[in-house]
Each structure stands twice: as C-alpha cells, then as structure tokens.
Amino acid sequence: MMFEDAAEKALAFRDERDWAQFHNPKDLAISVSLEASELLEVFQWSGLDLEVPGKADRAREELADVAIYCIYMADVLGIDLASAVSDKIDADGRKYPADKVRGSARKYTEL
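Not measured: the values here are computed from a predicted model. Chains are numbered independently. Their residues run from 1 in the order of the written sequence. Predicted model: local features are reported for residues with pLDDT of at least 70 only, side-chain atom pairs are reported and counted for 80 or more only, and whole-chain, interface and lining totals are derived from all residues. No hydrogens and no water enter the side-chain calculation; it runs on all heavy atoms of the structure.

Details of the pattern of salt bridges
When a carboxyl oxygen of Asp or Glu is within 4 Å of a side-chain nitrogen of Lys or Arg, the pair counts as a salt bridge. Under the definition given, this model contains six salt bridges. A salt bridge links Arg 14 to Asp 75; the shortest N-O distance between them is 2.9 Å. Of this pair, Arg 14 sits in helix α1 (residues 3-16) while Asp 75 sits in helix α3 (residues 56-77), placing them 61 residues apart in sequence. Residue classification places Arg 14 among the buried residues on the basis of a relative accessible area of 6%. Among the ionic pairs, Arg 58 bridges to Glu 41, the shortest N-O distance being 3.3 Å. Segments assigned H or I by DSSP are reported as helices when at least four residues long, segments assigned E as strands when at least two residues long, and all are numbered from the N terminus. Exposed residues in this analysis have more than 50% of their type's maximum accessible area, buried residues have under 20%, and partly exposed residues fall in between, with area computed by a 1.4 Å probe over protein chains only.

Some points on the packing of aromatic side chains
Note on aromatic pairs: each is described by the distance of the centres and the angle between the planes. For Phe, Tyr and Trp, where Trp contributes only its six-membered ring, two rings pair if their centres lie within 6.5 Å, and the inter-plane angle classes them as stacked under 30 degrees, edge-to-face over 60, or tilted in between. Applying the stated criterion across every chain, the model contains two aromatic pairs. Consider the rings of Phe 13 and Trp 19, whose centres lie 5.7 Å apart with planes at 75°: the pair is edge-to-face. Using a relative accessible area of 37% as the deciding quantity, one classes Phe 13 as partly exposed. The class for Trp 19 is partly exposed, based on a relative accessible area of 37%.

Some thoughts on the nonpolar core
Note on soluble globular proteins: their nonpolar side chains tend to be buried together. Core analysis: the biggest nonpolar cluster contains six residues, these being Ala 7, Ala 10, Leu 11, Leu 28, Ile 71 and Tyr 72. Looking at this core, the elements with two or more residues in it are α1 and α3. Looking at which element gives the most residues to this core, the answer is α1, with three residues. Working rule for contacts: check all heavy atoms of both residues, and any pair within 4.5 Å makes them a contact. The residues contacting Leu 11, other than those within four sequence positions of it, are Ile 71, Tyr 72 and Asp 75. Residues enter a nonpolar core if they are buried and are Ala, Val, Leu, Ile, Met, Phe, Trp, Tyr or Cys, with the set joined through side-chain atoms within 4.5 Å.

A look at the layout of surface pockets
Put simply, the grid is 1 Å and covers the protein atoms alone, a cavity is a trapped set of points that fit a 1.4 Å probe, a pocket is an open set with protein on both sides within 12 Å along at least five of seven lines, and lining residues have an atom within 4 Å of a point. Grid points are joined across faces, edges and corners, and a volume is the space filled by probe spheres set on the points. Considering only enclosed or pocket space, the largest pocket measures out at about 160 Å³ in volume. Every residue lining the largest pocket is listed: Phe 3, Glu 4, Ala 7, Glu 8, Leu 11, Ile 71, Ala 74, Asp 75, Ile 79, Asp 80, Leu 81 and Ala 82. Taken together, the elements giving at least two residues each to the lining of the largest pocket come down to α1, α3 and α4 (81-95). The element that contributes the greatest number of residues to the lining of the largest pocket is α1, accounting for five residues.

Comments concerning unusual backbone geometry
Backbone geometry at Asp 18 places phi at a positive 55°, although glycine is not the residue there. Classification of Asp 18 by relative accessible area gives partly exposed; the value is 47%.

Re the packing of α1 against α3
Packing of α1 against α3 brings their axes to within 10 Å, and their N-to-C directions diverge by 80°. Accordingly, the angle class assigned to the pair α1 and α3 is roughly perpendicular. Where α1 abuts α3, its residues Phe 3, Ala 7, Ala 10, Leu 11, Phe 13 and Arg 14 lie against Ile 68, Ile 71, Tyr 72 and Asp 75. Each residue is assigned to one class: nonpolar for Ala, Val, Leu, Ile, Met, Phe, Trp, Tyr, Cys and Pro, charged for Asp, Glu, Lys and Arg, and polar for all the others, Gly among them. For the contact of α1 with α3, the residue count by class is eight nonpolar, no polar and two charged. A fitted line through C-alpha atoms represents every axis, and for helices the fit uses only the stretch in contact; the resulting angles, taken between N-to-C directions, go from 0 to 180 degrees. Each angle is binned into one of four classes, with values under 35 degrees roughly parallel, values over 145 roughly antiparallel, values of 65 to 115 roughly perpendicular, and all other values oblique.

Here it is as structure tokens:
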C-alpha cells in the first residue's frame, strides 16, 4: 500500500466516525507523544537486548498509531506530510553531508 492510500484510509476512518471535531493541534500533538511513548514501552526493560525479538508485531501496531495521529495532525494543519518529510530529509542532508558523517553519530554542530 502506498503512503497516500494509507493516509486516505486513516482520514476516511476518522470522518466516518465524525471524530475530526475533536482533533485540534494540541490534542493531536499529545496523542502523537502518548503513542510514541507506547512504542517506547515495547522496549522497556529489555536490558541488553536492543532488538527485542518477538515484539515486532506490537512495535508495528504502536508505530502505526503514531503515524495515524501524524496524518490527522497534518490534515488539521493543512500540511502535505509526504512533502514535509521530503523537505526535512533535504534539510537534514545539508546538515549531515554523507561524506562527513558516514558511520558517525556526531551531531551536525560537532562536524
């Protein structure tokens, strides 16, 4: 499924339930944060196991919740999310040129 199709499906789901009336930027931002915290919870107490095998399904579900709330927020704010992501990658590419950062975790201010 293409991203645009998934976004349309999420918006149709919301609209069929008349939930847009409850979606304001503040509450949607809170929802993104809460769902991101649930994604983080998948890895809580995993110790040295950085990949947490067997929890991919739960991580997938929580990641989907984050994405859905991001779709809703972009819609409320009139933002083309795919373009915003592309623009952000371009900006990050300027901050983190591949030839200077390949294999490094340093922040752009440390280059």
